Amino acid sequence: MQFKPLTFAILSALTLSCSVSAESANDDTLVVSASKQTAKAASSRNVALVTVDESTLAEANVSRTDQLSRVLPGLQTGNSGSLIFQTISLRGISSASDYYNPAVSFYVDGVPQLSTYAMAPLLDVSSVEMLRGPQGTLYGRSAQGGVINIVTHQPDSTARGYIEGGYASRDGYHSKLNVSGPIQDGLLYGSATLLRQVDQGSMTNPATGSDHLGGSRMNAGNVKLRLAPDNQPWELNASLTEECTHATQDTYVPYNQVKSRTLDVLAGGSDPYLRRCTHSQSLSGKLTTDNWIFSVVGAWQQQQYQREFPYSYLTASIPERWNQNVQEIRAATRGNSSLDAVFGLYREAIHESLDSAYRYAGTPYLSTVAATSSETLAAYSDLTWHITDAFDLGGGLRVSHDRAKTGYSGTSLGIPWGDRNQESDNQLLGQVSAGYQLNEAWRLYGRIAQGYKPAGFSYTPTAFTAAQAYAAEKSLNYELGSRYESRDITLAGALFYTHTRNLQLYSGPVGYQTLSNAGKADATGAEASASWQFAPGWRWAIDGNYVHSTFAGDSENYAGQRVPFVPRFAGSTSVTGTINTTWGALMPRAAINLTGPQYFDGDNTLRQGSYSTTDLRLGWQATDRVTVSAYLDNVFDRRYRTYGFVQAGSAYAQVNQGRTAGLDVQITLF
């Protein structure tokens, strides 16, 4: 079945808008949330859910998605070479093993994002929500390890506006402008956000003499329109986002020289370079009746990037083009009866093409031209039965059909090679849960859920190898958790176990890596978090997790080894507060983040030991409209590896930026 995306989105929205009378109320609509369902549903309560608001993001100096690990307990993020490939792990499920198909899915206002856009700016964000564990019966894209949904401010009748700017060490800076409000009050609303952000690096290339490598320069903007007539049960939304980033992030040093700031590049080598431009568009509609909320989304993303990087004798040039289009129809109850439900239909199509070249000591030795595409059609449902006011049962099903095809050709040392193939697969997934409210504050729950990553082909084919598909990776997650919420104290914890089959993992030397199934893996762990408002305006938070994630004994290549990019343990603690003075309120924050040991390869030869960082921030509310903040991240300048690989018998590493100091100013316009 083929759809024309724009026609599909517009006609569906108009159909939903006209299908009921205008008598339904408009004052009790369902806002975008991580569960996409009423707060009474099992999928909202029988799950490990973390939500942070915009003030928490600002206090932790979080301005991009790759910094969300500072505020989302259990999440580990970082670059594996460049901003295109994010290493993301959650509960022992590592998406770094397949750079193009993360196990943790990113959404913006309910719209899935390209995997190569996992590092993105946070534009006019209201909150960020994270659900741990598989979420395939609530979201169109099956999320094997979890979902991170970024919720932005929606324009309404309240006029808002601010400008902000700041300067950071290594000549970094940023500026931002936001305006939002009514275009015609009672009918049409709009918003616009513009961002310029520069994060300079600290690396030097001895071959060219260039310094300040390892950073990025980003320009981004977003425009929204919201058509929401007063006293009508429907609304339509349109959003357009543009982002273009220039970066020099493929910076590698010898693996054992963590404190080095000099790249391992021989004479004649060039500087690393990346240019990524992403264009995002979405149309959505929502219709509210007495008992149901119907919604439809059509979204499109186009991305082009050119990536070049040198190390030792090797120079790689990898341009790629991506196109993604998504359509989704959803119906959800409003929680007015003993049964809550969500039903949805989903389609996703992705096409990628590349034209890469590798040079060794200046001599071309490998080139590839390839095109790979995939399509997913899915239907899903999620139900909650409220047996009593305190006890509920939840369950869900998902059926999906996946198709993928590839074709590639190239030369290696002048010898031609190439192949093509296609693959299709069907999946049936489910989840069940049970929850019991012991009292107003304390809840217990248990959940069993399945998740998967589709079958497909390597986006970067290897010379002289057949176009052989890898099988779908499928996991089964068991979780037992508890949550306590009172006015001053919030506690949460869970025990979990995940068994994964046909783990998808890249292996082989750089330039010849291929994605294949690496057998089974098991992840067992525990997580806990606490937040205590111990005095008016003051809060202390602490969290920690332990994960044992290993390849099973029958894994062909890595039996008994630890799954890469999964820290053995992690934790953080922070104190935030407000001190009122005659010169305005002071808002201090201190945080310590701990990350345990991890490996960067399936053979467990590239190890990064445990490390901790300390962050300090002091905000000053100078006037009702002006806020000034000073910060010092990684106070003690702790150096550690964020990525590592082996090439031609030598090991290389990418290291963190080190200590960063800065000053920010925000001025509220209206």
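These numbers come from a predicted model, not from an experiment.

Thresholds applied
- Residues numbered from 1 in each chain as written.
- Predicted model: local features only at pLDDT ≥ 70, side-chain atom pairs only at ≥ 80, totals over all residues.
- Heavy atoms only, no water.
- Helix = DSSP H or I, 4+ residues; strand = E, 2+ residues; numbered from the N terminus.
- Polar contact = N/O pair within 3.5 Å; in protein donor to acceptor, adjacent residues only side chain to side chain.
- Contact = heavy atoms within 4.5 Å.
- Pairing = 2+ DSSP bridges.
- Buried < 20%, exposed > 50% of the residue type's maximum accessible area, 1.4 Å probe, protein only.
- Patch = residues over 30% accessible without salt bridge, like charges linked within 9 Å, V, L, I, M, F, W, Y side chains within 5 Å.
- Areas by Shrake-Rupley, 256 points an atom, 1.4 Å probe, with all protein chains shown as cover.
- Salt bridge = Lys/Arg side-chain N within 4 Å of Asp/Glu carboxyl O.
- Disulfide = S-S within 2.5 Å.
- pLDDT = per-residue confidence, 0-100.
- Core = buried A, V, L, I, M, F, W, Y, C linked by side-chain atoms within 4.5 Å.
- 1 Å grid on protein atoms, 1.4 Å probe; cavity = no way out; pocket = protein on both sides within 12 Å on 5 of 7 lines; lining within 4 Å.
- Points joined across faces, edges and corners; volume = space filled by probe spheres on them.
- Nonpolar A, V, L, I, M, F, W, Y, C, P; charged D, E, K, R; others polar.
- Phe/Tyr/Trp six-rings, centres within 6.5 Å; stacked < 30°, edge-to-face > 60°.

Visitor: I'd love a proper account of the side chain of Glu 235, names of residues and values included.
Guide: Among the secondary structure elements, Glu 235 is positioned in strand S13 (residues 234–247). At 3.1 Å, the side chain of Glu 235 and the side chain of Arg 226 are in polar contact. Among residues more than four places away in sequence, those in contact with Glu 235 are Arg 226, Leu 227, Ala 228, Ser 284, Gly 285 and Lys 286.

Visitor: Describe the sheet that holds strand S4 (residues 93–94), naming the residues involved and giving the relevant values.
Guide: Reading across from one edge, S2-S3-S4 is the order of the three strands in this open sheet, with antiparallel pairing throughout. Unpaired on one side and paired on the other, strand S2 (76–79) and S4 mark the two borders of the sheet. For S2 and strand S3 (residues 86–90), the ladder comprises four bridges, and the chain directions are antiparallel. Counterpart to Gln 76 in the pairing with S3 is Ser 89.

Visitor: An account of unusual backbone geometry is requested, with residue identities and associated values reported.
Guide: The backbone of Asp 109 sits at a positive phi, close to 50 degrees, despite the residue not being glycine. Within the element layout of this structure, Asp 109 appears in the loop between strand S5 (104–108) and strand S6 (111–112). Here Asp 109 falls in the partly exposed class, since its relative accessible area comes to 22%. Look at Phe 565: it is not a glycine, yet its phi comes out positive at around 65 degrees. Structurally, Phe 565 can be placed in the loop between strand S28 (538–551) and strand S29 (569–576). Residue Phe 565 is classed as buried on the basis of its relative accessible area, which comes to 5%.

Visitor: Which residues make up a nonpolar patch on the surface, and what values do they have?
Guide: On the surface, Tyr 436, Leu 438, Trp 442, Leu 444, Tyr 484, Ile 489, Leu 491, Trp 532, Phe 534, Trp 540 and Ile 542 cluster together into a nonpolar patch covering about 950 Å² of accessible area. Of all the secondary-structure elements, those providing two or more residues to the nonpolar patch are strand S22 (442–453), strand S24 (489–501), strand S27 (521–535) and S28. In this fold, Trp 540 is placed in strand S28.

Visitor: Lay out the state of the cysteines in plain terms, naming residues and giving numbers.
Guide: For the structure on display, the rule yields one disulfide. Here Cys 244 engages in a disulfide with Cys 277; their sulfurs sit 2.1 Å apart. A residue pair is termed long-range when its members are at least 10 positions apart, and Cys 244 in strand S13 and Cys 277 in strand S15 (residues 273–288) qualify at 33 residues. No difference in accessibility class separates Cys 244 from Cys 277, as the two residues are buried.

Visitor: So what's going on with the confidence of the model for the protein chain? Which residues, and what values?
Guide: Per-residue confidence for the protein chain gives a mean pLDDT of 88; residues scoring 70 or more make up 92%. Contacts of residues 1–35 to residues separated by more than four positions or lying in other chains number 72 contacts, the stretch itself having pLDDT below 50.

Visitor: Lay out the nonpolar core in plain terms, naming residues and giving numbers.
Guide: One finds Tyr 252, Tyr 358 and Leu 366 to be the most contacted residues of the largest nonpolar core, which totals 22 residues. At the level of elements, strand S17 (314–333), strand S18 (339–360), strand S19 (363–386), strand S35 (641–647) and strand S36 (650–655) are the ones that each hand at least two residues to this core. Of all hydrophobic cores here, the second largest spans 20 residues; its members include Ala 60, Phe 106, Ile 148 and Ile 150.

Visitor: Outline the sheet that holds S36, listing residues and values.
Guide: As summarised here, the arrangement of the three strands in space is S14-S36-S35, forming an open sheet in which the pairing is antiparallel. Here the strands that pair on one side only, and so sit at the sheet edges, are strand S14 (253–254) and S35. Bridge count for S14 against S36 is two bridges, and the pairing is antiparallel. Within the sheet, the bridge partner assigned to Pro 254 lies in S36 and is Tyr 652.

Visitor: Break down empty space enclosed by the protein for me, citing the residues and quoting the values.
Guide: Overall, the coordinates contain nine cavities of 30 Å³ or more when judged by the stated rule. Approximately 550 Å³ is the volume found for the largest cavity. In terms of lining, the largest cavity is formed by 42 residues, of which the most central are Tyr 100, Asn 101, Glu 348, Ile 350 and Pro 454. Elements represented by at least two residues in the lining of the largest cavity include exactly S5, S17, S18, S19, strand S20 (391–412) and S22. Here the lining of the largest cavity is built from residues that sort into 21 nonpolar, 13 polar and eight charged.

Visitor: Please set out the side chain of Gln 303 residue by residue, giving values where relevant.
Guide: With respect to the element layout, Gln 303 can be found in strand S16 (residues 292–311). Gln 303 sits in the buried class, given a relative accessible area of 0%. Here the side chain of Gln 303 touches Thr 116 through a polar contact of 2.6 Å, side chain to side chain. With residues near it in sequence (within four places) discarded, Gln 303 still touches Leu 114, Thr 116, Tyr 117, Arg 276, Cys 277, Thr 278, Glu 320, Arg 321 and Trp 322.

Visitor: Go over the environment of Pro 461 with me, naming the residues and quoting the values.
Guide: Secondary-structure assignment places Pro 461 in the loop between S22 and strand S23 (473–485). Taking the relative accessible area as the measure of exposure, Pro 461 reaches 13% and is therefore buried. Sequence-wise, Pro 461 and Ser 115 are 346 residues apart; in three dimensions their C-alpha atoms are separated by 18 Å.

Visitor: I'd like a description of the pattern of salt bridges, backed by residues and values.
Guide: Oppositely charged side chains can form a pair if their charged atoms are brought close together. Taken as a whole and judged by the stated rule, the model has 20 salt bridges. The closest approach of N and O atoms between Lys 453 and Glu 473, which form a salt bridge, is 3.7 Å. Linking Lys 453 in strand S22 with Glu 473 in strand S23, this pair joins segments that are 20 residues apart in sequence. The two residues Lys 453 and Glu 473 agree in class, both being buried. For Arg 617, the salt bridge is made with Asp 664, and the minimal N-O distance between the two is 3.7 Å.

Visitor: How would you explain the pairing of S20 if you had to name every residue and give the values?
Guide: For S19 and S20, the ladder comprises 21 bridges, and the chain directions are antiparallel. Residue pairing in the sheet places Ser 381 in a bridge with Leu 397 of S20. Between S19 and S20, which pair antiparallel in sequence order, lie four residues. Of the strand pairs in this sheet, S20 and strand S21 (residues 415–437) are connected by 22 bridges, and their pairing is antiparallel. Bridging from a neighbouring strand, Val 399 pairs with Leu 428 of S21. Counting the residues in the hairpin turn of S20 and S21 gives two residues, including Leu 413, whose phi is positive at 55 degrees.

Visitor: A description of the packing of aromatic side chains should follow, citing residues and the corresponding values.
Guide: Applying the stated rule across the entire model yields 16 aromatic pairs. Between Trp 322 and Tyr 459, the aromatic rings sit 4.9 Å apart at their centres with planes inclined by 45 degrees, giving tilted as the arrangement. Here Tyr 459 lies in the loop between S22 and S23 and Trp 322 lies in strand S17, a separation of 137 residues in the sequence. Judged by relative accessible area, which is 2%, Trp 322 ranks as buried. Their ring planes at 25 degrees and their centres at 6.2 Å tell us that Tyr 478 and Tyr 497 sit as a pair that is stacked. With Tyr 478 in strand S23 and Tyr 497 in strand S24, the pair connects residues that are 19 residues apart, well separated along the chain.

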